[in-house]
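This is what each chain is made of:
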Amino acid sequence: MSKKIFLSNSTLDFSLKNINTDEKNILDFENSLERYLGENNFAVALNSGTSAIHLALILLGVTNGDEVICQSFTFVASANPILYLGASPIFIDSEKETWNMSPYFLEKAILDRISKGKKPKVIIFVHLYGMPAKIDEILAISKKYNIPLIEDAAEALGSEYKGQKCGTFGDFGIISFNNNKIITTFGGGILVCKNKEYKEKATFLSKQARDVAPHYQHSEIGYNYRISNLSAFIGIDQMQYLVANKNLRRNINSFYKDFFNNIDGIYLFEEYKTDIVSNHWLSCLVLNKEIKQLSVESIRLQLLKDNIESRPLWKPLHLQPLYKDAFFYGEGVSENLFKNGLCLPSGSNLTLVDLGRITASIKKLL
Ligand SMILES: *Cc1c(COP(=O)(O)O)cnc(C)c1O
């Protein structure tokens, strides 16, 4: 993956007259997201996606000793805030079509936890690599058992499900603007709330929970989670490039798809239905049958030899040393993806020449 930071053709004027010390940049950034996400979405700009997940869990009342259901196949930040609160994650495997939370194992886990006397407090599901999860099925289960949803759309800004934007389906949505995401504020996140009260409460908690008083008065634990004005200023500009970056990444994905279509045994991850749109944040491949002497590691090493960086897919969290004691419900789908999958270079700044060089490198192995 490219180390270059993609700021498109921005010519931002970083002179201090443009960076406010009150919250103007931040409020403008929140407004630009609310305009993008559509009505009844209330955005709180924070310093990271991880802080957004942490605040969502707090707003949903998660506390010491609670159980929280979380997709196993994801980046560790999806689950760590569960531990911040002294709660325990219950990990769920993926299904094969979207690589996201399996609705089948989600329901199985809920029933099993309830039978053990502990109803899970919250469900965290993810749109990994920008691919929308099985949202209808997950929403139905959330409703049936009355367990609220946190939608981790950190990688999925720009993705859509049946015409609705990812990040707007859960009781809370979270988006990340970390350096590596589809657009960046060099560290930043958004918590998407469904009403103004939650937005106000999240904003209050993100600014050290200062009570209304002329002096500094505090009745609750607060956090230093507000985004900086500088990041918000960059974010407003970056929002203009979201659609362009998404199209660039989707084009990169089509290029790879054309290439791998002719190669038996390698599947390029794509939408399984036409009413979902992935931003294809990263393009990923998976080996789906034995090919002589070919492993994902051999592809990775060949690319590396040609000075091209690629990476294994996320290691499922139930296999991480940190989470070795957590419960897991599944049947090996995420393990298999981890064993046989690879993220290809996917930065929005890749040129056709770069893509040609990448596929030529892989061709040497075939
Ligand atoms: C990046 C990411 C996060 C965390 O976002 P930060 O802004 O880096 O804290 C959470 N979940 C997933 C799936 C991510 O990829």
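Residues numbered from 1 in each chain as written. Predicted model: local features only at pLDDT ≥ 70, side-chain atom pairs only at ≥ 80, totals over all residues. Heavy atoms only, no water.

**Student:** Explain the overall build of the chain to me, using residue names and the numbers behind them.
**Tutor:** Within the chain, the regular secondary structure consists of 11 helices and 15 strands. A compact globule built from 366 residues should have a C-alpha radius of gyration of about 21 Å, and the chain, at 21 Å, falls within 12% of that. When the 366 residues of the chain are sorted by exposure, 54% land in the buried category. Carbon and sulfur atoms form 52% of the exposed surface of the chain, whose accessible area is close to 16,400 Å². (Helix = DSSP H or I, 4+ residues; strand = E, 2+ residues; numbered from the N terminus. Rg over C-alpha atoms; globule rule 2.2 N^0.38 Å. Buried < 20%, exposed > 50% of the residue type's maximum accessible area, 1.4 Å probe, protein only. Areas by Shrake-Rupley, 256 points an atom, 1.4 Å probe, with all protein chains shown as cover.)

**Student:** Which residues make up the pattern of salt bridges, and what values go with them?
**Tutor:** Counting across every chain of the model gives 21 salt bridges. Measuring nitrogen to oxygen at the nearest pair gives 3.1 Å for the salt bridge that ties Glu270 to Lys257. Placement of Glu270 in the loop between strand E10 (266–268) and strand E11 (276–277) and of Lys257 in helix H8 (residues 242–261) is noted, with a sequence separation of 13 residues between them. One salt bridge connects Arg311 with Glu309, and the closest N-O pair in it is separated by 3.0 Å. What you see here is one network of salt bridges that share partners, running through Glu23, Glu30, Glu34, Lys199, Lys207 and Arg226. (Salt bridge = Lys/Arg side-chain N within 4 Å of Asp/Glu carboxyl O.)

**Student:** Just give me the short version of unusual backbone geometry, but keep the residues and values in it.
**Tutor:** At Tyr129, a residue that is not glycine, the phi angle is positive and equals roughly 55°. Structurally, Tyr129 can be placed in the loop between strand E4 (122–126) and helix H5 (135–145).

**Student:** Describe in detail the site of the ligand, supporting the description with residues and values.
**Tutor:** Around the ligand there are 15 residues in total, and Gly49, Thr50, Glu155, Ser176 and Lys181 lie nearest to it. In this structure, an oxygen atom belonging to the ligand sits 2.9 Å away from a side-chain N or O atom of Asn178. Within the complex, the protein chains bury 95% of what would otherwise be the 380 Å² of accessible surface of the ligand. Grouping the amino acids of the shell around the ligand by side-chain chemistry returns 4 nonpolar, 8 polar and 3 charged. (Near = heavy atom within 4 Å. Polar contact = N/O pair within 3.5 Å; in protein donor to acceptor, adjacent residues only side chain to side chain. Nonpolar A, V, L, I, M, F, W, Y, C, P; charged D, E, K, R; others polar.)

**Student:** Which residues make up the confidence of the model for the chain, and what values go with them?
**Tutor:** Overall, the predicted model of the chain reaches an average pLDDT of 94, with 97% of residues at or above 70. Counting contacts from residues 1–6, a segment whose pLDDT is below 50, to residues more than four positions away or on other chains yields 16 contacts. (pLDDT = per-residue confidence, 0-100. Contact = heavy atoms within 4.5 Å.)

**Student:** So what's going on with the sheet that holds strand E8 (residues 172–176)? Which residues, and what values?
**Tutor:** The strand order across the open sheet built from 8 strands is E1-E9-E8-E5-E4-E2-E3-E14, with neighbouring strands paired in mixed fashion. Two strands in the sheet have a free side with no partner beyond their single neighbour: strand E1 (42–46) and strand E14 (327–329). When the angles between neighbouring strand axes are averaged without regard to direction, this sheet yields 20°. By the bridge criterion, 3 bridges tie strand E2 (residues 67–71) to E4 in an arrangement that is parallel. Considered in E4, the bridge of Ile69 is made with Ile123. Across the sheet, helix H4 (residues 103–115) touches E2, strand E3 (88–92), E4 and E14, and the angle it forms with E14 is around 135°. (Pairing = 2+ DSSP bridges. Axes fitted to C-alpha atoms, helices over the stretch in contact; angles between N-to-C directions.)

**Student:** I'd like a description of the packing of aromatic side chains, backed by residues and values.
**Tutor:** Within this structure, the stated rule accounts for 14 aromatic pairs. When the ring of Phe73 is compared with that of Tyr129, the centres are 6.4 Å apart and the planes differ by 65°; the resulting orientation is edge-to-face. Taken as a pair, Phe73 in the loop between E2 and helix H3 (80–84) and Tyr129 in the loop between E4 and H5 lie far apart in primary sequence, 56 residues in all. Neither Phe73 nor Tyr129 differs from the other in exposure class; each is buried. (Phe/Tyr/Trp six-rings, centres within 6.5 Å; stacked < 30°, edge-to-face > 60°.)

**Student:** Report on the side chain of Asp93, specifying residues and quantitative values.
**Tutor:** Inspection of the secondary structure assignment puts Asp93 in the loop between E3 and H4. From its side chain, Asp93 meets the backbone nitrogen of Gly332 in a polar contact 2.9 Å long. In this structure Asp93 touches Asn100, Met101, Ser102, Phe328, Tyr329, Gly330, Glu331, Gly332, Val333 and Ser334, once residues within four positions along its chain are discounted.

**Student:** If you had to explain the packing of H4 against H5 to someone new, which residues and values would you point to?
**Tutor:** In contact at an axis separation of 9 Å, H4 and H5 are set at 15° when each is read in the N-to-C sense. With respect to H5, the element H4 is oriented roughly parallel. As for how H4 packs across H5, the hand of that crossing is right-handed. Residues Pro103, Leu106, Glu107, Ile110, Leu111 and Ile114 of H4 pack against Glu137, Ile138, Ile141, Lys144 and Tyr145 of H5. Of the residues assigned to the contact of H4 with H5, the class counts are 8 nonpolar, no polar and 3 charged. (Parallel < 35°, antiparallel > 145°, perpendicular 65-115°, else oblique. Left-handed = near helix turned anticlockwise from the far one by under 90°.)

**Student:** Go over H5, please, and point to the residues and values.
**Tutor:** Taken together, the buried positions of H5 are Ile135, Ile138, Ile141, Ser142 and Tyr145. Looking straight down H5, one finds that the buried residues subtend no more than 130° of arc, so they occupy a single side. Turned more than 90 degrees from where H5 packs its buried face, Lys143 and Lys144 sit exposed. Downstream of H5 by one or two residues, Asn146 has phi in the positive range, about 55°. (Arc of directions from axis to C-beta.)

**Student:** How would you summarise the nonpolar core if you had to cite specific residues and measurements?
**Tutor:** One finds Phe29, Leu33, Ile69, Trp99, Tyr129, Ile175 and Ile190 to be the most contacted residues of the largest nonpolar core, which totals 57 residues. Take this core: its biggest share by element is 5 residues, from helix H1 (residues 24–37). Leaving out residues up to four positions away in the same chain, Leu33 has contacts with Ala43, Ile175, Phe177, Ile190 and Met239. (Core = buried A, V, L, I, M, F, W, Y, C linked by side-chain atoms within 4.5 Å.)

**Student:** Go over the pairing of strand E9 (residues 189–193), please, and point to the residues and values.
**Tutor:** Counting buried positions over the 5 residues of E9 gives 5, a clear majority of the element. Burial along E9 is two-sided: the residues Gly189, Leu191 and Cys193 and Ile190 and Val192 are all buried. Bridging between E1 and E9 involves 5 bridges; their strand directions are antiparallel. Paired with Ala45 across the strands is Ile190, a residue of E9. Pairing of E8 with E9 involves 4 bridges; the strand directions are antiparallel. Across the sheet, Ser176 pairs through a bridge with Gly189, a residue of E9.

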